[in-house]
Amino acid sequence: FAPPSSEWMRGALRPLVDQYLSREYVASVGIFSPDEVARRVQAHHTRQEYHLWTVYPLLVFHLWHALYIDGSLTLDGPMTAERLVNGSAVTV
C-alpha cells in the first residue's frame, strides 16, 4: 500500500507545510537553508519536481521541533485524522 502522501502534502497537510516549512519558521530554527527548503516545497507543490522524500522529513522534523524544543505547537488531546484536517488538534 502506497498512501497518497504527495497529495496529502498538497492538500490536507498543506496548512502544516505552509506554517512549519515557511521561510520564517525554518530560519528561526536555524538548521536548514530557508531558501532551499522553500524551493523544494514550491517545486513539489507545483509538481515541477518530486521532493516528497525531502519535504516530508523536513516537515516531521520541524513539527517535532515546534512540539518539543520551542513549544510553539501543542497537542490538545489525541491526534486523529479528522482533528488534524479541521485544525482542532493543534494549538499554535
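Scroll up for the structure.
Rules used throughout
- Residues numbered from 1 in each chain as written.
- Predicted model: local features only at pLDDT ≥ 70, side-chain atom pairs only at ≥ 80, totals over all residues.
- Heavy atoms only, no water.
- Patch = residues over 30% accessible without salt bridge, like charges linked within 9 Å, V, L, I, M, F, W, Y side chains within 5 Å.
- Areas by Shrake-Rupley, 256 points an atom, 1.4 Å probe, with all protein chains shown as cover.
- Salt bridge = Lys/Arg side-chain N within 4 Å of Asp/Glu carboxyl O.
- Helix = DSSP H or I, 4+ residues; strand = E, 2+ residues; numbered from the N terminus.
- Buried < 20%, exposed > 50% of the residue type's maximum accessible area, 1.4 Å probe, protein only.
- Axes fitted to C-alpha atoms, helices over the stretch in contact; angles between N-to-C directions.
- Parallel < 35°, antiparallel > 145°, perpendicular 65-115°, else oblique.
- Left-handed = near helix turned anticlockwise from the far one by under 90°.
- Contact = heavy atoms within 4.5 Å.
- Nonpolar A, V, L, I, M, F, W, Y, C, P; charged D, E, K, R; others polar.
- Core = buried A, V, L, I, M, F, W, Y, C linked by side-chain atoms within 4.5 Å.
- Expected span 1.5 Å × (residues − 1).

A cluster of nonpolar side chains, contributed by Trp64, Tyr68 and Ile69, occupies part of the molecular surface with about 380 Å² of accessible area. The residue isoleucine 69 is located in the loop between α5 (52–68) and β1 (74–75) in this model.

What follows concerns unusual backbone geometry. Phi at arginine 47 takes a positive value of approximately 65 degrees, unusual for a residue other than glycine. Mapping arginine 47 onto the fold places it in the loop between α4 (34–45) and α5. When its relative accessible area of 54% is taken as the criterion, arginine 47 is described as exposed.

All right, on to the packing of α4 against α5 then. Direction vectors running N to C along α4 and α5 enclose 120 degrees, while the axes themselves pass 9 Å from each other. Put simply, α4 runs oblique to α5. Note that α4 runs across α5; the crossing there is left-handed. For the pair α4 and α5, contact is made by Val37, Arg40, Val41 and His44 and by Leu52, Thr54, Val55 and Leu58, respectively. Taken together, the residues of the contact of α4 with α5 sort by class into five nonpolar, two polar and one charged.

Time to look at the nonpolar core. Residues Met9, Tyr20, Leu21 and Leu59 are the most contacted members of the largest nonpolar core, which totals 18 residues. Sorting the residues of this core by element identifies α2 (14–20), α3 (23–29), α4 and α5 as the ones contributing at least two each. Per-element tally for this core: the top contributor is α5, with six residues. The residues contacting leucine 59, other than those within four sequence positions of it, are Met9, Leu16, Val17, Tyr20 and Leu21.

With twelve residues, α4 extends 16 Å between its outermost C-alpha atoms, agreeing within 8% with the 16 Å of an ideal straight helix rising 1.5 Å per residue. Within α4, the full set of buried residues consists of Val37, Ala38, Val41, Ala43, His44 and His45. Considering only its buried residues, α4 is in contact with α1 (5–10), α2, α3 and α5. Arginine 47, located one to two residues past α4, shows a positive phi value of around 65 degrees.

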